[in-house]
Amino acid sequence: MKFSDFGEHYNGYSGITHLMDDLSEGLAQPGMVMLGGGNPAVIPEVHAVLGRVIEQLRQSGGLLDALSNYDAPQGRAGFLEALADYFRERYGWPISRRNIALTHGSQSSFFILFNSFAGSTRGFQKRILIPLVPEYIGYCDVGLEKGMIVSQEARIQDLEDGFFKYQVDFDQLQADDSVGLICVSRPTNPSGNVLTDDECRQLDGIARARQVPLLIDNAYGTPFPNIIFTEVSPFWNDNCIVCMSLSKLGLPGARTGIVIANEDLIRYFSNMTAITSLAPAGLGAEIVGRLIVEDALQPLCDDIIRPFYHHRSELAVRLLREAIDDPRLRIHKPEGSMFLWLWFEDLGISTTELYERLKQNGLLVVPGKYFFPGQQLVSAHAESCVRMNYAQSESELEKGIAILARELQACWT
Ligand SMILES: Cc1ncc(COP(=O)(O)O)c(C=O)c1O
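As a starting point, this report considers the structure included with it. Quantities reported herein were computed from a predicted structural model and do not represent experimental measurements.

### Thoughts on the overall build of the chain
The number of helices and strands found in the chain is 12 helices and 16 strands. Relative to the 2.2 N^0.38 estimate, which gives 22 Å for 413 residues, the radius of gyration of the chain is 21 Å and therefore close to what a compact globule would have. Put simply, the chain has 413 residues, and 56% of those count as buried. Long-range contacts, defined here as pairs at least 24 residues apart, represent 75% of the contacts in the chain between residues at least 6 apart. With an accessible surface of roughly 17,900 Å², the chain has 51% of that area assigned to carbon and sulfur atoms. Each charge class in the chain can be summarised by its mean position, and for the 35 positive and 51 negative side chains these summaries are 3 Å apart.

This is how it looks when you write it as structure tokens:
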């Protein structure tokens, strides 16, 4: 098989492919404790609500309608209208349905956005600037050209009780004229960090000065799924692109992403969707649109989803502290998302090696080095961290943390 340059780009073995392989292998191995992936938790109350709505839609014919018609390239009209009202009423964002487009999930939104604002541009090489790493693994290989991402390592703020927090290192951040787009996730996967309002305002200022958009990946953020434990304000203006998703709400299989941006960009997005895939999927939009109309979406997020993950994060921290009573274990302050980011000081081995040892012993986490898109070298800090998903049951968390504690003890003594 002889691929084009485009084809060769996908013929390699990327970090994300390696992890997906490990995850599916792990799933097939009985007894493996899976604290590696990004699948949302199965929350019975959420399933009950989704099941009820799906049944209502089946009876009313809405389900068949969503499946048996192509929507417009911009997405399901009723849902776009309901969403625009929702954001206008909740946050006063001055938007209409012309500011929203649906996609086949946020990952495909990033593919379009990264390649639309970076890469070869009238003889120049434009780049995506990630102002704070560690960042989401899914950004790493989205750019079609090599070297499309540049990034800045986070500043580390020491907190009490063995916690720390990442901050944007504005003193070091270089936003030169090669930058075509600035991108952050808020809350951040993998660290659970939430950029402060002030950091968002400063990044917005830099983006405006450079006349490039600021992309805020809100996959875990407010108002849905609202897996965020600190009080911060949602951020949008006509220079921002806010990407949302139905995945962490409990519908990853619906493959629905939402892009909120200025009208020109949304028109562009609709053209792109029409050309690459005709129309986005309508099923998730139909289900969540119904929840919005019934005023059932916000209670689902505020009263069920957020408390569920908040309790799980507190439980995971408690179990870790009980099992690993050592100041060399440091935990990023859990402010949102569904992950704990663990930093092991003076480990003696890299977390790439630790990952292999843990896998042999029945635990899957993700080694830190994969979360540094745009860095040329793997730093000592990257090789001292792992990401751990805490969406699993208490007994799985206990089992996994016991394996981790044993392996760390062996390394630290
Ligand atoms: C930060 C972040 N953004 C986006 C996504 C992808 O979302 P989607 O399922 O809508 O493609 C994920 C998935 O894990 C994520 O963690």
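Following the structure, the description resumes.
### Structural notes on the packing of helix α10 (residues 297-323) against helix α12 (residues 394-412)
Contact geometry for α10 and α12: axes closest at 10 Å, N-to-C directions at 35°. Crossing of α10 against α12: the hand is right-handed. In this structure, α10 contributes Arg312, Leu315, Ala316, Arg318, Leu319, Leu320 and Ala323 to the contact, and α12 contributes Glu394, Leu397, Glu398, Ile401, Leu404 and Ala405. Tallied by class, residues from the contact of α10 with α12 come to nine nonpolar, no polar and four charged.

### Observations regarding the packing of aromatic side chains
Across all of its chains, the model carries 20 aromatic pairs by this definition. Measuring from ring centre to ring centre gives 5.1 Å for Phe87 and Trp93, while their planes differ by 5°; the resulting arrangement is stacked. The same class applies to Phe87 and to Trp93, which are both buried. On the numbers, 5.0 Å between centres and 75° between planes, the contact of Phe164 with Trp343 is edge-to-face. Of this pair, Phe164 sits in strand β7 (residues 163-167) while Trp343 sits in strand β13 (residues 339-344), and the two are 179 residues apart along the sequence. With respect to burial, Phe164 and Trp343 carry one shared label: buried. Through successive ring pairs, a cluster of aromatic residues spans Tyr86, Phe87, Tyr91, Trp93, Phe224 and Trp236. A cation over a ring is seen here: Arg321 above Phe163, with NZ or CZ 4.9 Å from the ring centre. The aromatic ring of Phe339 is capped on one face by Arg387, whose charged end is 3.9 Å from the ring centroid.

### Notes on the sheet that holds strand β6 (residues 155-158)
Within the open sheet, the six strands sit side by side as β6-β7-β12-β13-β16-β15. Their pairing is mixed. Both outer strands of the open sheet, β6 and β15 (366-367), are each paired with one neighbouring strand and no more. Here β7 runs beside strand β12 (residues 329-332); their pairing, made up of two bridges, is parallel. Residue pairing for β12: Phe164 is matched across the bridge by His332. Relative to the sheet, α10 contacts β7, β12, β13 and β16 (385-389), its axis offset from that of β12 by approximately 170°.

Definitions and limits used
Residues numbered from 1 in each chain as written. Predicted model: local features only at pLDDT ≥ 70, side-chain atom pairs only at ≥ 80, totals over all residues. Heavy atoms only, no water. Helix = DSSP H or I, 4+ residues; strand = E, 2+ residues; numbered from the N terminus. Rg over C-alpha atoms; globule rule 2.2 N^0.38 Å. Buried < 20%, exposed > 50% of the residue type's maximum accessible area, 1.4 Å probe, protein only. Contact = heavy atoms within 4.5 Å. Areas by Shrake-Rupley, 256 points an atom, 1.4 Å probe, with all protein chains shown as cover. Lys, Arg positive; Asp, Glu negative; His and termini not counted. Charge placed at Lys NZ, Arg CZ, Asp CG, Glu CD. Axes fitted to C-alpha atoms, helices over the stretch in contact; angles between N-to-C directions. Left-handed = near helix turned anticlockwise from the far one by under 90°. Nonpolar A, V, L, I, M, F, W, Y, C, P; charged D, E, K, R; others polar. Phe/Tyr/Trp six-rings, centres within 6.5 Å; stacked < 30°, edge-to-face > 60°. Lys NZ or Arg CZ within 6 Å of the ring centre and 35° of its normal. Pairing = 2+ DSSP bridges.

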